[in-house]
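Given next are the chains, with one letter for each unit.
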Amino acid sequence: ESQLSVNSKLTDSRRDRLMNLKKREEMKDALTEKFKSRFSSGGAGRAADEMSVCSSAIRQEVDQFASLANVTSSNLSKLERRIQNKAQGVADDQVSVYSAAPSQL
């Protein structure tokens, strides 16, 4: 019976990891779509002085964000500024890096 209990715990643990991975991928997809609608060609929210940002560049920024940063409103703002700076032709080194502070969302 103890072996069954260990297997159940491993299964629960694996299930939790898979659910967290799924949530992270859904978040990445939602962020990518949000920024594509704003900054890609034909984006409704683009300012007159902003160029369009290609989908792959947006996805790369979102992937980097998801792998390095905790989801906080501050980090989400930094992500948006990074993509906005790409649209304005500003170099990446002028944008602050993401915080490693625990997520508050």
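Here the structure is shown first, and the text comes after it.
Sequence order as written defines the numbering, with residues in each chain counted from 1. With pLDDT at 70 or above as the cut-off, local features in this predicted model cover only qualifying residues; side-chain atom pairs require 80 or more to be listed or tallied, and sums for whole chains, interfaces and linings still use all residues. Working from all heavy atoms in the structure, the side-chain values ignore hydrogens and water.

### Things to note about the pattern of salt bridges
Stated formally: The rule for a salt bridge is simple: a side-chain nitrogen of Lys or Arg has to be within 4 Å of a carboxyl oxygen of Asp or Glu. Throughout this description, buried means an accessible area under 20% of the type-specific maximum (1.4 Å probe, protein chains only), exposed means over 50%, and partly exposed covers the range between. Runs of H or I in DSSP of at least four residues are treated as helices and runs of E of at least two as strands, each being numbered from the N terminus.
Scanning the model with the defined rule gives 12 salt bridges in all. Here Asp16 and Arg15 are joined by a salt bridge, their closest N and O atoms 3.8 Å apart. With relative accessibility at 39%, the residue Asp16 sits in the partly exposed group. One salt bridge in this structure joins Arg59 and Asp29, with 3.1 Å as the shortest N-O distance. Of this pair, Arg59 sits in helix α2 (residues 55–68) while Asp29 sits in helix α1 (residues 2–39), and the two are 30 residues apart along the sequence. Judged by relative accessible area, Asp29 falls into the partly exposed class, the value being 40%. One connected set of salt bridges, linked through shared partners, spans Glu25, Lys28, Asp29, Arg59 and Asp63.

### Here's the deal with the packing of α2 against helix α3 (residues 73–88)
Note the cut-off: Comment: axis = line fitted to C-alpha atoms, over the contacting stretch for helices; angle = value between 0 and 180 degrees taken between N-to-C directions. Orientation categories follow fixed angle ranges, with anything under 35 degrees roughly parallel, anything over 145 roughly antiparallel, 65 to 115 roughly perpendicular, and all other angles oblique. Handedness of each helix crossing follows the sense of rotation of the near helix against the far helix: counterclockwise by less than a right angle gives left-handed, clockwise gives right-handed. Any two residues whose heavy atoms approach within 4.5 Å are treated as being in contact.
Orientation of α2 relative to α3, taken along the N-to-C sense of each, is 155 degrees, at an axis distance of 11 Å. By the angle between their axes, α2 is roughly antiparallel relative to α3. Here α2 runs over α3; the crossing is right-handed. Mapping the contact onto sequence places Ile58, Glu61, Val62, Gln64 and Phe65 in α2 and Asn75, Leu76, Leu79, Arg82, Ile83 and Lys86 in α3.

### Topic: the environment of Lys34
Its place among the elements puts Lys34 in helix α1. On the basis of relative accessible area, Lys34 is assigned to the partly exposed category, the value being 45%. As for Lys34 and Glu80, which are separated by 46 residues in sequence, their C-alpha atoms are 10.0 Å apart.

### Remarks on α3
Stated formally: Expected span of a helix, by definition, is 1.5 Å for each gap between consecutive residues, and there is one gap fewer than residues.
Look at α3: 22 Å from first C-alpha to last across 16 residues, which is about the 22 Å you get at 1.5 Å a residue. What α3 keeps buried is the set Asn75, Lys78, Leu79, Arg82, Ile83, Asn85 and Ala87. Two residues or fewer past α3, Gly89 is found with a positive phi of approximately 75 degrees.

### Some remarks on the nonpolar core
As a reminder, the rule being used: Each nonpolar core is a collection of buried residues, namely Ala, Val, Leu, Ile, Met, Phe, Trp, Tyr and Cys, held together in the definition by side-chain atoms within 4.5 Å.
Of all hydrophobic cores here, the largest spans 14 residues; its most connected members are Leu31, Phe35, Phe39, Ile58 and Leu79. Residue assignment for this core shows that the elements contributing at least two residues are α1, α2 and α3. In terms of residue count, α2 provides more of this core than any other element does, five residues in total.

### Some points on α2
Compared with an ideal rise of 1.5 Å per residue, which puts 14 residues at 20 Å, α2 spans 20 Å between its outermost C-alpha atoms and is within 8% of the ideal. Residues of α2 that are buried include every one of Ala57, Ile58, Glu61, Val62, Phe65 and Ala66, and no others.

The values are spatial; any link to function lies outside them.
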